[in-house]
Amino acid sequence: MDKLMDYEEHAQKFIDKFWEVLPNLIVAIIILIVGLWVSKFVNRIVRKFFEAKDYDPTLETFLQSFIKAALKVIVFVLVITQLGVQSSSLVAIIGAAGLAVGLALQGSLANFAGGVLILLFKPFKVGDFISAQGVDGTVKEISIFTTKLNTFGNQIAIIPNGQLSNNNIVNYNVESTRRDKITVGIGYTSNIKLAKEILLLICSEKEIILKEPMPEVYVDELADSSVNLSLRFWANNADFWAAHFYVLEEIKHRFDDNDIEIPFPQRVVQNALK
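Residues numbered from 1 in each chain as written. Predicted model: local features only at pLDDT ≥ 70, side-chain atom pairs only at ≥ 80, totals over all residues. Heavy atoms only, no water.

Draft legend 1. The environment of Val46, seen in detail. The residue Val46 is located in helix 1 (residues 2-52) in this model. For the pair Val46 and Gln64, spaced 18 residues apart in sequence, the C-alpha separation works out to 7.0 Å. Every residue in contact with Val46, bar those within four places of it in the chain, is listed here: Gln64 and Ile67. (Helix = DSSP H or I, 4+ residues; strand = E, 2+ residues; numbered from the N terminus. Contact = heavy atoms within 4.5 Å.)

This is the structure:
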């Protein structure tokens, strides 16, 4: 009989407690439903905003995901607070967890921040040919943590965004044209004027080498065993390497045809016993 009365007493306490928290529970459910609806509504507006603007697709995806997650966190905090959990305690728990995760993932957070900077400031985009961290290649993919480059040898180089955002990057596709500089040495007895005319003639005969700005040739250095001529010309990005390799090959052929010597290092070994 005593046990039955104890059960009834506990049940009554539970019922009283339930009725006590019921208003907060109802309000918390309403906040949850309305908060999720508002989150979807805001995300819809953000998506339409990005569709109307010409932003990088990777940036759009990242920002939409970030805003969606942030709104859900806000809704979660409001619901928990409405249920009676002290906001100060909740903030302390989240702060401690965030500090622990941050210390454990310092490198990943640096790469994340670097990815955000790359997406925001756009030092390069997918399809650009860049040189960074000792690697040359075409940008294949920009993700939040890493950037993938397709190298000349058709390998994939994966570079952390943290390093990319904090070091030098050379982007060869920002400008529509590029200037090449080819240095070729001729012998001291060779005709400098003729060599310069031949170099300019090579450039004038090739259509993919731009005529404006005009190609130029200078005596760059009087070296130990050669007079170094510096040939500079412009070409469109798409034609740059074809023009570069064409000029190199033509220089050798035409200098040979005109008896213009291209010196190379030679070593004379003498017999000391003679």
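Draft legend 2. Examining the sheet that holds strand 7 (residues 216-222) more closely. On the basis of which strands lie adjacent, the open sheet formed by three strands has the order 6-8-7 and antiparallel pairing. What marks the edges here is a single partner per strand, and that holds for strand 6 (177-186) and strand 7. Neighbour-to-neighbour, the strand axes of this sheet turn through a mean angle of 25°, independent of strand direction. As judged from the 10 bridges shared by strand 6 and strand 8 (residues 227-236), these two strands associate in the antiparallel manner. Among the inter-strand pairings, Asp180 is bridged to a residue of strand 8, identified as Phe233. Taken strand by strand, helix 6 (residues 192-205) contacts strand 6, strand 7 and strand 8, and its axis lies near 15° from that of strand 8. The sheet strands contacting helix 7 (residues 240-257) are strand 6 and strand 8, and the helix crosses strand 6 at an angle near 20°. (Pairing = 2+ DSSP bridges. Axes fitted to C-alpha atoms, helices over the stretch in contact; angles between N-to-C directions.)

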